[in-house]
Amino acid sequence: MLKAAKKKFNMQNLIYLVFIPTFIYLGIFFLYPIYLSIKYSFTNISLTDIGNYTYLGFLNYHNLFTSGTFINSIYTTVIFLVVSAIIGQMFLGIVVAYLLSVTQKYFRLIITSIILVAWATPQVTAGIMWYSTLSYIPSGTVNVFLGYFGIHSINFLSTHLALMSIIIANVWLGLGFSVLIFSSGISGISPSIMKASRIDGANPFTRFFRIVIPLLKKSIITDLLLITLFTLGAFTLVYVMTGGGPVNSTNIMTIYQYRTGFSLFSLGLANAIGVIIIVLALAISILYLISLRGD
Amino acid sequence: MSSVEMKNITKMYDKVTVLKDLNLKIDDQEFFVLLGPSGSGKSTTLNTMAGLDTPTSGNILFDSEDVTYFDPNKRGVAMVFQDYALYPHMNVYKNMAFPLKMKRYKNDYINKKINEVANILGIKELLKRLPRELSGGQAQRVALGRALVRDPKIFLLDEPLSNLDAKIRSQIRNELKLIHNDLKKTFVYVTHDQQEAMYLGDRVGILNDGVIQQVGTPQEVYSHPKNLFVAKFLGEPEINIFELDKNDGGFKIGGVPVDGHNFDKLNKITIGIRPENILLEKKSERDMPLKIVIRAKEFTGSGFIIIASTDEGKEIRIISDQANMDVGDLITAYIDYEHAILFDEQGDSINK
Amino acid sequence: MIKIKLRFIVVYLILTLLALAFLIPFIWLVVESFSPLNNIGFTIPSTFTLAPFEHVLTNSTFIRSIYMGLIQSLGATFLSIIFAVGPAYVFSRKSFKFKTTLLLGVLLLTGFPVFSLLVPTFIFFIDTGLYNTVIGVILFLGVLNLPIDIWIMKNSFDQIPKSIERASIVDGAGTLKSLIYIFIPLSLPIMAVLIILNFVINWGNFYVPFILLSSSHLLPISVRIYSFFGAFSVRYNELAALSIIYTIPAVVLYIFAQKYMIKALSGGIKG
């Protein structure tokens, strides 16, 4: 009897071996680069000679936080995050999902598909399309349309407007994801709750703010976390559209990191920027976990 | 031939004890029903019999052979699940063939066996269908069929009827009873539905908080519950309960003393009386009167359920075949002393 | 009544306008790809032509970049799926010490800002000789999707009712046979969807090959399009045509997987 019990015990534990290859893979190509990132952030490693570097302590971090360009980059990133992710994608996403929920099935399917096509478009293509669409000279699609209404051409990718332009492009790209999350959230609200609130005399606006939004709390938190992380790590769309310019006006942190490492060859400094991005992302994730635990 | 014996079974998940020192003996060919509310441990008991769970301590014997650490496929049991657990990617035939294929039976035999069982269950036309094309009743018949083809020693059924609607439920319930009569095999059936338990069980074991409360024939557990939990859990409408404090050295309802010896040591007793045992006319001098106001009358088809309240404001239910009274009437009803069940302060039943 | 109707018309109108606005960026891409003109701005040509597509599809550099894109995306997809299956199964079906902690770790990696890892990985790859190799790109792309694949697969496995596996075990299948006859066949739709999603994500990835590759003949289509876009004299109509060839599979597969995903996760499994 004891022998049988022991055998069962061993057989069951054998299955845990499947973790080993995965952990090794993750360890070498995911966790080890994280370690390297921290390590190199304390060095002056340079693209010109990566074999030779010396440890600088916190000098890279000190330099970053006293550099106007970096502070400006954080500022640009925050604006980009708040306006394009939180206001643009999340808030607009809830509204669109709510509006879609009251429309006819096939209409809803068509509109959702169009919004999703944007989300599925590879970012390189999206960047090129938006670059052309907002082009000033020669006139892109938007300026040609404005011309039909007698409005003068606008230089959307100029220093003053470029940030707004990448925000719009990013909302365009990411809205589909939020709409998907909120649509499934709304479809999870029991129809009898909606009916009851209607009978109780709530108008569409009170229904939206008093019933839909509170019931979507969990979807909102999930969406908020994911799109914040997506946007914090966004690179391709902005890089293709503006390359961070003109004059650093769209120099979000990922682009700043890339340019520091590969245009200025300061890989040590670039790693320090990377570590700051990672810390920010972790802080956001932990905030999210705490807010979920509060439920 | 297969009896089941569970000896001192304790099952713990992490630090939660689900079964506490459970002892149970199920006879060969018996239809045994494990009855209990959800979370009482009845499904865990069944899973340990099946070998899907291993008890933390204690032993399980099939025909006095210790099978505690046997794998499920070595135990010769078949199991039917509440959600049918049909394999969604296999049609009905393949579902039923699966246990036989696992035992490496020849295709001829498998074919013969499935047809035989399909005939018994009336599912011959369904053999080519996929589970998602079946109604709930059909799916449960197939699940039953998958258990039957194996000729197991013991059938384990985990709330097999609770996902079905009322009509099909009673139909399959009848069929189950007939199948058991024909097969003469041991059935262990888990349910939370006391009516189902009464109807099906040769014996019923009532489980609460991982502890067996009482084992007995349906009549025994209904009429002679060992404790208040069993009394309340069985019967619909629920048993009427009166808690009495000692008064002038005895217990009284409506001025009539409650007969009984060994009351000296008790300060409180509880009387349980089933709704059908509250009389509208006195039968004996020992019956206890209740002044009641009629609150509602429900017609059940065979009689009436009368909902009334006593002058102390306690709501009681009476089953009666006559109802020559109206809502609001003030009448006197009687607790039939002969059928009254007495409990002590701990809720255990006491002799009159 | 009229008020309600008006409200609905407004809703339909708003959504229609939004959808139209969403299509604006595609106008240039589609028009330009069939245009004989070569213009980054927007002009409707007097005639349309298939020439840009022909040029692109007969250009060996572009064909090679499609091929490289396929190899890199498929290779990485293969790695992610293979390494995700086992842990996902164990996470879904077993309970063990540190399970919550490990899952939390996987979740944190899922939301990790992976772009920031490219600088250290670049140095790491130069040190180890993986820089500027297809296998290096595949290894790194593959590890990026691994956490989310474990997560999605675990969640999908959770949807396969436990009672079905238990039934198969009581039916005499044993753990291995239950895995082969019951669990894997039931997981196939989920796998298919996940493979497609992984492929689309890898196919769309630009910055990994952009930073980890330098040789022109190794560049996948995503990077090729970008360098074409940034080149000195660009043929924009061919750029548009190439972009369409690059984009359509991603969009079609994604929309397909999206629809199938919901089905696989809800209806497909319950019997």
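Only a predicted model underlies this, so the values are computations on that prediction, with no experimental measurement involved. (Residues numbered from 1 in each chain as written. Chains lettered and ligands numbered in written order. Predicted model: local features only at pLDDT ≥ 70, side-chain atom pairs only at ≥ 80, totals over all residues. Heavy atoms only, no water.)

## Overview of the overall build of chain C
Okay, step 1: Secondary structure assignment for chain C yields 11 helices and zero strands.
Okay, step 2: In chain C, the succession of α and β elements from N to C terminus is α-α-α-α-α-α-α-α-α-α-α.
Okay, step 3: On C-alpha atoms alone, chain C measures out to a radius of gyration of 23 Å, which is more than a quarter above the 18 Å that the 2.2 N^0.38 rule sets for 271 residues.
Okay, step 4: Of all 271 residues assigned to chain C, the portion counted as buried reaches 56%.
Okay, step 5: Within chain C, contacts between residues at least 6 apart in sequence are counted, and of these 72% link residues at least 24 apart.
Okay, step 6: By element, 73% of the accessible surface of chain C is carried by carbon and sulfur atoms, the whole surface being about 11600 Å².
Okay, step 7: Taking the 17 positively charged and 8 negatively charged side chains of chain C as two groups, their mean positions are separated by 15 Å. (Helix = DSSP H or I, 4+ residues; strand = E, 2+ residues; numbered from the N terminus. Rg over C-alpha atoms; globule rule 2.2 N^0.38 Å. Buried < 20%, exposed > 50% of the residue type's maximum accessible area, 1.4 Å probe, protein only. Contact = heavy atoms within 4.5 Å. Areas by Shrake-Rupley, 256 points an atom, 1.4 Å probe, with all protein chains shown as cover. Lys, Arg positive; Asp, Glu negative; His and termini not counted. Charge placed at Lys NZ, Arg CZ, Asp CG, Glu CD.)

## Observations regarding the overall build of chain B
Okay, step 1: Counting secondary structure elements, chain B contains eight helices and 21 strands.
Okay, step 2: Counting only C-alpha atoms, chain B reaches 80 × 45 × 35 Å along its principal axes.
Okay, step 3: Every one of the 352 residues in chain B was classed for burial, and the buried ones make up 52%.
Okay, step 4: Taking the intrachain contacts of chain B between residues at least 6 apart in sequence as the baseline, contacts between residues at least 24 apart amount to 66%.
Okay, step 5: Carbon and sulfur atoms provide 45% of the accessible area of chain B, an area that totals close to 16500 Å².

## Some remarks on the sheet that holds strand E20 (residues 341-343) of chain B
All names here are of chain B.
Okay, step 1: An order of E11-E14-E20-E21 is seen for the four strands of this open sheet, with the pairing classed as antiparallel. What marks the edges here is a single partner per strand, and that holds for strand E11 (240-245) and strand E21 (349-350).
Okay, step 2: Bridge count between strand E14 (residues 268-273) and E20: three bridges; the pairing is antiparallel. If you follow Ile 271 over to E20, its bridge partner there is Leu 342. (Pairing = 2+ DSSP bridges.)

## Notes on the pattern of salt bridges
Okay, step 1: What the rule picks out here adds up to 15 salt bridges over all chains.
Okay, step 2: Here Arg166(C) makes a salt bridge to Asp53(B), at a shortest N to O gap of 3.9 Å. Of this pair, Arg166(C) sits in helix H7 (residues 162-170) while Asp53(B) sits in the loop between helix H1 (42-50) and strand E4 (57-62), which puts the two residues in different chains.
Okay, step 3: With a relative accessible area of 23%, Arg166(C) lands in the partly exposed category.
Okay, step 4: In this structure, Lys113(B) engages Glu116(B) in a salt bridge whose closest nitrogen and oxygen atoms are separated by 3.5 Å. Here the residue Lys113(B) and the residue Glu116(B) both occupy positions in helix H3 (residues 107-121), the gap between them amounting to three residues, near one helical turn.
Okay, step 5: For Lys113(B), a relative accessible area of 9% corresponds to the buried category.
Okay, step 6: Ionic contacts of the salt-bridge type, sharing partners, join the residues Lys113(B), Glu116(B) and Asp151(B) into one network. (Salt bridge = Lys/Arg side-chain N within 4 Å of Asp/Glu carboxyl O.)

## Describing a nonpolar patch on the surface
Residues and elements named next belong to chain A.
Okay, step 1: Taken together, the side chains of Leu 14, Leu 17, Ile 20, Ile 24 and Ile 28 present a nonpolar region at the surface, about 460 Å² in accessible area.
Okay, step 2: With three residues, the top contributor of residues to the nonpolar patch is helix H2 (residues 19-40).
Okay, step 3: When you line up the elements, Ile 20 lands in helix H2.
Okay, step 4: A relative accessible area of 44% means that Ile 20 is categorised as partly exposed. (Patch = residues over 30% accessible without salt bridge, like charges linked within 9 Å, V, L, I, M, F, W, Y side chains within 5 Å.)

## Some details on the interface of chain A and chain C
Okay, step 1: Taken together, the contacts link 81 residues of chain A with 79 residues of chain C.
Okay, step 2: In this assembly, chain A packs against chain C so that about 7300 Å² is buried in total across both faces, 84% of it on carbon and sulfur atoms.
Okay, step 3: When the area that chain A buries against chain C is broken down by residue, the three leading residues are Tyr25(A), Phe29(A) and Phe30(A), summing to 10%.
Okay, step 4: Our enumeration of links across chain A and chain C arrives at 11 residue pairs in polar contact (both at pLDDT 80 or more).
Okay, step 5: Among the elements that make up the side of chain A that touches chain C, the one with the highest residue count is H2(A) (16 residues).
Okay, step 6: In the side of chain A that touches chain C, the residues fall into 60 nonpolar, 21 polar and no charged. (Buried area = accessible area lost by both parts, 1.4 Å probe. Polar contact = N/O pair within 3.5 Å; in protein donor to acceptor, adjacent residues only side chain to side chain. Nonpolar A, V, L, I, M, F, W, Y, C, P; charged D, E, K, R; others polar.)

## Focus on the packing of aromatic side chains
Okay, step 1: Tallied over the full model, the rule gives 63 aromatic pairs over all chains.
Okay, step 2: In this structure an aromatic cluster arises from ring pairing among Phe235(A), Tyr239(A), Tyr258(A), Phe262(A), Phe115(C), Phe122(C), Tyr131(C), Phe206(C), Tyr207(C), Phe210(C) and Tyr226(C).
Okay, step 3: Stacked on the ring of Tyr199(B), the Lys or Arg Lys177(B) has its end atom at 5.7 Å from the ring centre. (Phe/Tyr/Trp six-rings, centres within 6.5 Å; stacked < 30°, edge-to-face > 60°. Lys NZ or Arg CZ within 6 Å of the ring centre and 35° of its normal.)

## Let's talk about the domain arrangement of chain B
Residues and elements named next belong to chain B.
Okay, step 1: Its domain assignment divides chain B into domain 1 (4-232) and domain 2 (238-350).
Okay, step 2: Relative to domain 2, the C-alpha centre of domain 1 lies at a distance of 38 Å.
Okay, step 3: Contact residues are listed per partner, giving eight residues for domain 1 and 11 residues for domain 2.
Okay, step 4: Regarding the contact of domain 1 and domain 2, the summed buried area is about 840 Å², with carbon and sulfur atoms giving 56% of it.
Okay, step 5: When the buried area of domain 1 at its contact with domain 2 is split by residue, Tyr 222, Leu 228 and Lys 232 rank highest and sum to 57% of it.
Okay, step 6: On inspection of domain 1 and its partner domain 2, the count reaches zero salt bridges.
Okay, step 7: Linking domain 1 with domain 2 are five residue pairs in polar contact (both at pLDDT 80 or more), by the criterion used here. (Domains from an automatic or database assignment.)

## Concerning the sheet that holds strand E19 (residues 330-335) of chain B
Okay, step 1: Reading across from one edge, E15-E19-E16-E17-E18 (chain B) is the order of the five strands in this open sheet, with antiparallel pairing throughout. Where the open sheet ends on each side, the last strands, each with one partner, are strand E15 (278-279) and strand E18 (315-320) of chain B.

## Section: the environment of Ser153(A)
All names here are of chain A.
Okay, step 1: When you line up the elements, Ser 153 lands in the loop between helix H7 (141-148) and helix H8 (162-187).
Okay, step 2: When its relative accessible area of 34% is taken as the criterion, Ser 153 is described as partly exposed.
Okay, step 3: Beyond its immediate chain neighbours, meaning those up to four positions away, Ser 153 contacts Tyr 136, Ser 139 and Asn 143.

## Observations concerning the packing of helix H2 (residues 92-102) of chain B against helix H4 (residues 136-148) of chain B
Residues and elements named next belong to chain B.
Okay, step 1: Contact geometry of H2 with H4 gives a least axis separation of 8 Å together with a crossing angle of 30°. Judged on the interaxial angle alone, H4 and H2 are roughly parallel. Like other packed secondary-structure pairs, H2 and H4 cross with a definite hand, here right-handed. Within the contact between the two elements, H2 uses Val 92, Asn 95, Met 96 and Pro 99 and H4 uses Val 142, Gly 145 and Arg 146.
Okay, step 2: Counted by class, the contact of H2 with H4 contains four nonpolar, two polar and one charged residues. (Axes fitted to C-alpha atoms, helices over the stretch in contact; angles between N-to-C directions. Parallel < 35°, antiparallel > 145°, perpendicular 65-115°, else oblique. Left-handed = near helix turned anticlockwise from the far one by under 90°.)

## A few points about the pairing of E14(B)
All names here are of chain B.
Okay, step 1: Counting buried residues in E14 gives five out of six residues, a clear majority hidden from the surface.
Okay, step 2: Two strands pair when backbone bridges link them, and E11 and E14 are joined in this way by six bridges, in the antiparallel orientation. Opposite Ile 241, over in E14, you have Gly 272 as the bridge partner.

## A look at helix H8 (residues 174-204) of chain C
Okay, step 1: Here H8(C) is 31 residues long and its end C-alpha atoms lie 42 Å apart, about the 45 Å a rise of 1.5 Å per residue gives.
Okay, step 2: Most pronounced at Leu188(C), the bend in H8(C) amounts to some 45°, and the proline Pro189(C) follows within four residues. (Expected span 1.5 Å × (residues − 1). Bend = angle between axes of the 7 residues up to and from the residue.)

## A word on helix H11 (residues 217-232) of chain A
Okay, step 1: The end-to-end C-alpha distance of H11(A) is 22 Å, a good match for the 22 Å that 16 residues give at a rise of 1.5 Å each.
Okay, step 2: Those residues of H11(A) that are buried lie in contact with helix H4 (68-101), H8, helix H10 (204-215), helix H13 (253-262) and helix H14 (267-293) of chain A.

## Details of unusual backbone geometry
Among all residues save glycine, negative phi is the norm, and among peptide bonds the norm is trans.
Okay, step 1: Each neighbour pair has its own omega, and for Ile137(A) with Pro138(A) the value is -10°, a cis peptide bond.
Okay, step 2: With respect to the helices, strands and loops of the structure, Pro138(A) is situated in the loop between helix H6 (123-133) and H7.
Okay, step 3: For the peptide bond that leads from Glu236(B) to Pro237(B), omega is -5°, which places it in the cis range.
Okay, step 4: The residue Pro237(B) is located in the loop between helix H8 (228-233) and E11 in this model.
Okay, step 5: Its identity as a non-glycine residue notwithstanding, Val247(A) has a phi of 45°, on the positive side.
Okay, step 6: If you trace the backbone, Val247(A) turns up in the loop between helix H12 (236-241) and H13.
Okay, step 7: In this model, Ser64(B) sits at a positive phi of 60°, which is unusual for a non-glycine residue.
Okay, step 8: Structurally, Ser64(B) can be placed in the loop between E4 and strand E5 (65-66).

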